[in-house]
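Structural features, examined
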Amino acid sequence: MSKVRVRFAPSPTGSLHIGGARTALFNWLFARHNQGTFVLRIDDTDTERSTELSYQEILSAMRWLGLDWDEGPQKDGAYGPYLQSQRLDLYRQAIDQLLADGKAYLCYCTAEELAERRKQAQAEGRPPMYDRRCRYLTRAEQERLQAEGRQPVVRLAIPDGVTTVHDLIRGDVTFDNSTIDDFILIKSNGMPTYNFATVIDDYTMAISHVIRAEEHLSNTPKQILVAQTLGYQLPAYAHVPMILAPDRSKLSKRHGATSVEEYRDAGYLPEAIINYLALLGWSPEGEEEIIPLEDIVADFSLARVAKTAAIYDTKKLTWINGHYLREADIDRITRLALPFLQAKGLLPDPLPEQDYSHLRAIIEAVRDRVKTLAEVADAASYFFTEITSYDEKGVRKHFTKPGVAELLEEARAALAALPDFNAQSTEEAYRKIAEQKGISTGQLFHPTRLAVSGRTMGPGLFEILELLGRETVLERLAKAIDWIKNNMATN
RNA sequence: GGCCCGUUGGUCAAGAGGUUAAGACACAAGCCUUUCACGCUUGUAACGGGGGUUCGAUUCCCCCACGGGUCACCA
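Quick caveat: nothing in here was measured; it's all calculated off a predicted structure.

**Points about the sheet that holds strand β4 (residues 153–156)**
The strand order across the open sheet built from three strands is β3-β4-β7, with neighbouring strands paired in antiparallel fashion. In the strand order of this sheet, the two ends are held by β3 (104–107) and β7 (184–186), each with one partner. If you compare each strand with its neighbour and ignore which way they point, the axes differ by 45 degrees on average. Here β4 pairs with β7 via two bridges, running antiparallel. Counterpart to valine 154 in the pairing with β7 is isoleucine 186.

Right, dumping it as structure tokens:
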């Protein structure tokens with residue numbers, strides 16, 4: 001096989017969403033698996049909607065996910081530039097050739113006229129296709145229309161016949177050319193349309209495989225027609241299944257988080273998103289679903305890409321994220337979790353250097369029971385702020401028993417008297433008290449947990465005590481004792 | 001509406017004429033445990049419908065239904 005070159009070509013008209021990221025990932029995986037080249041190209045021919053902000057967001061989301069490109073913006077290669085808006089002369093050359101050969105023609109119909117006719121056609125139940133009225137205009141007619149001040153577009157003259165897409169995932173798909181419009185190649189503002197520019201670019205960038213979402217399958221015959229008219233050799237095509245929202249409709253904003261940034265901000269790890277996305281539409285040969293990136297690269301093939309659209313469901317993503325959160329290097333997780341704590345006002349920004357190891361110990365204790373970085377911040381909150389309330393169910397269960405206040409007072413005194421205050425010493429003291437009083441350890445542990453954390457769940461109790469430190473523990477115990485006396489006494 | 005693609009448990013998904021139709025998430029139960037998680041064990045749950053072809057169809061063919069995509073001077 002000749003050199004594999006694939007590209008991901010987003011338009012900078014929004015953030016990188018989950019579907020786009022999956023398409024980018026499949027291209028990236030295919031390139032890496034085949035030691036090919038992954039090109040990032042920006043399809044910014046829509047001057048109305050393209051924005052610099054979106055462009056920056058896409059680049060940063062790609063980088064964050066680890067989808068590094070070999071050629072593209074800020075990474076020059078032999079086939080640049082990589083922004084379509086900078087390749088206008090290439091399209092111009094191609095269009096001149098097409099016009100000279102009579103394969104394309106000038107059309108003077110305005111957007112308004114077209115829209116009107118389309119509406120009309122639909123109302124009458126006719127297919128809303130362009131009627132080709134400008135295809136056979138004489139020179140004189142063109143000049144007259146031009147004199148009216150109309151800015152022409154350029155359309156491709158679709159030949160009769162049939163066009164077949166050889167799709168690597170779906171097999172041969174044939175379209176009758178009569179169902180294809182004489183579509184626009186160059187807009188009246190001089191910019192190329194997607195179906196034109198993409199063909200020129202894929203060819204001039206020597207793209208070997210066009211891997212993209214299924215929504216482009218019906219566009220493909222148009223692109224093949226352009227390529228054939230220009231005498232280009234065709235790339236191989238692979239249309240990967242769509243990703244749908246839980247209600248089976250196309251993913252959109254109203255379905256909640258759909259952009260990569262939103263997941264980043266919600267505390268998801270890039271490797272978890274990558275792992276999850278790889279499993280959406282592709283399946284490994286083995287049974288493991290948590291797969292290191294290197295293994296995904298090694299196993300990836302188009303042959304194992306599904307044909308069926310997949311519904312996007314965050315449950316599994318969250319589960320995968322929890323896994324990576326637990327496995328990842330603790331220093332990295334600490335670093336990543338810190339901003340979430342700071343955003344909640346729990347820690348100062350910047351964090352004083354000497355507080356770091358304490359923070360790391362807390363996150364280490366807490367990460368096992370949560371699934372996202374945002375949850376890490378929730379689960380760790382009481383280490384950094386006063387307890388303002390006690391879990392209601394916990395209160396009913398552990399604070400209502402007669403004698404709890406006294407029991408806690410006794411425990412508090414024992415803790416205060418300890419020569420060393422750490423997880424081991426506090427646990428020993430507690431077990432001794434329970435034994436002496438002939439009560440189960442739980443009867444002592446549970447109210448203590450509630451008193452110092454306000455919650456009924458969390459890390460091991462003595463881990464919490466050590467992390468909190470003697471002073472805080474004694475304070476909170478005293479406060480809880482008071483609280484119980486004040487609130488429970490009347491009952 | 002025309003054209004195109006698709007249809008295995010709630011979701012992801014394996015399967016390629018003969019299988020007890022994998023596995024994962026979620027859910028339920030149990031074990032572990034100071035709690036909650038993790039982990040482990042077990043369980044519930046699927047081939048859209050109808051015709052063919054065949055000794056035999058989830059698997060091949062046709063029709064229908066349903067879902068999705070596309071028919072832009074958006075990509």
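**Looking at the nonpolar core**
Core analysis: the biggest nonpolar cluster contains 114 residues, and Leu16, Leu25, Phe26, Met62, Trp282, Tyr312 and Phe383 have the highest contact counts within it. Here leucine 25 is in contact with Leu67, Ile274, Leu277 and Ala278, once residues within four sequence places are set aside.

**A short note on the state of the cysteines**
Here, the word disulfide means a covalent bond between the sulfur atoms of two cysteines. All chains considered together, the criterion is met by zero disulfides. Take cysteine 109: it sits in no disulfide, and the sulfur closest to it among the cysteines is that of cysteine 134, at 3.7 Å.

**Notes on unusual backbone geometry**
Across the junction of glycine 80 and proline 81, the peptide omega takes the value -5 degrees, indicating a cis bond. The residue after aspartate 349, namely proline 350, is reached through a cis peptide bond having omega 5 degrees. Notably, glutamine 74 is not glycine yet its phi reads approximately 60 degrees, a positive angle. Assignment of secondary structure puts glutamine 74 in the loop between α2 (52–65) and α3 (88–100). Of note in this structure, arginine 132 is not a glycine but carries a positive phi near 65 degrees. Counting through the fold element by element, arginine 132 comes out in the loop between α4 (111–123) and α5 (139–147). Note on arginine 132: relative accessible area 27%, which makes it partly exposed.

**Some thoughts on the confidence of the model for chain A**
Scored by pLDDT, chain A has a mean of 94; 99% of the residues are at 70 or more. Reported for the predicted complex are a pTM of 0.94 and an ipTM of 0.95.

**Some points on the side chain of arginine 449**
Relative to the helices and strands, arginine 449 resides in helix α18 (residues 441–453). No salt bridge is formed by the buried arginine 449. Its closest oppositely charged neighbour is glutamate 463, at 8.2 Å. The contacts of arginine 449, once residues within four sequence positions are left out, are Gly454, Arg455, Thr456, Met457, Gly458, Pro459, Gly460, Leu461 and Ile464.

**Looking at the packing of aromatic side chains**
One pass over the structure, following the stated rule, counts 13 aromatic pairs. Ring plane angle 85 degrees and centroid distance 6.2 Å describe the contact between tyrosine 263 and tyrosine 312, whose orientation is recorded as edge-to-face. On the criterion of sequence distance, the pair formed by tyrosine 263 in helix α8 (residues 260–265) and tyrosine 312 in the loop between β11 (310–311) and α11 (314–327) is long-range, its members being 49 residues apart. Given a relative accessible area of 4%, tyrosine 263 falls into the buried group. Centroid distance tyrosine 430 to phenylalanine 445: 6.1 Å. Interplanar angle 35 degrees. Geometry classified as tilted. In this pair, tyrosine 430 is assigned in helix α17 (residues 423–437) and phenylalanine 445 in helix α18, connecting sequence segments 15 residues apart. Summarising the burial analysis for this pair, tyrosine 430 and phenylalanine 445 share the class buried. Among the aromatic residues, those joined into a ring-pair cluster are Tyr263, Tyr268, Tyr276 and Tyr312. Looking at arginine 155, its charged tip hangs above the ring of tyrosine 130, at a distance of 3.5 Å from the centre. Above the ring of tryptophan 64, the side-chain terminus of arginine 264 is found at 5.9 Å from the ring centroid.

**Focus on the protein's contact with RNA strand B**
Within the structure, RNA strand B sits among 61 residues, and Thr45, Arg170, Lys187, Arg369 and His446 are positioned closest to it. Restricting attention to atoms of RNA strand B within 4 Å of the protein, one finds that 72% of them are sugar or phosphate atoms. Between proline 128 and RNA strand B, the recorded distance is 3.3 Å, taken from a backbone N or O atom to a phosphate oxygen. The contact in question runs from a phosphate oxygen of RNA strand B to an N or O atom on the side chain of lysine 187, over 2.7 Å. For the surface near RNA strand B, the secondary-structure elements that each account for two or more residues are α4, β6 (171–176), β11, α11 and α18. Broken down by class, the residue content of the surface near RNA strand B amounts to 20 nonpolar, 17 polar and 24 charged.

**Structural notes on the pairing of β4**
Of the two faces of β4, the one carrying Val153 and Arg155 and the one carrying Val154 and Leu156 are both buried. The sheet contact formed by β3 and β4 spans four bridges and is antiparallel. The partner of alanine 104 across the bridge, within β4, is leucine 156.

Definitions and cut-offs
- Residues numbered from 1 in each chain as written.
- Chains lettered and ligands numbered in written order.
- Predicted model: local features only at pLDDT ≥ 70, side-chain atom pairs only at ≥ 80, totals over all residues.
- Heavy atoms only, no water.
- Pairing = 2+ DSSP bridges.
- Helix = DSSP H or I, 4+ residues; strand = E, 2+ residues; numbered from the N terminus.
- Axes fitted to C-alpha atoms, helices over the stretch in contact; angles between N-to-C directions.
- Core = buried A, V, L, I, M, F, W, Y, C linked by side-chain atoms within 4.5 Å.
- Buried < 20%, exposed > 50% of the residue type's maximum accessible area, 1.4 Å probe, protein only.
- Contact = heavy atoms within 4.5 Å.
- Disulfide = S-S within 2.5 Å.
- pLDDT = per-residue confidence, 0-100.
- Lys, Arg positive; Asp, Glu negative; His and termini not counted.
- Salt bridge = Lys/Arg side-chain N within 4 Å of Asp/Glu carboxyl O.
- Phe/Tyr/Trp six-rings, centres within 6.5 Å; stacked < 30°, edge-to-face > 60°.
- Lys NZ or Arg CZ within 6 Å of the ring centre and 35° of its normal.
- Near = heavy atom within 4 Å.
- Polar contact = N/O pair within 3.5 Å; in protein donor to acceptor, adjacent residues only side chain to side chain.
- Nonpolar A, V, L, I, M, F, W, Y, C, P; charged D, E, K, R; others polar.

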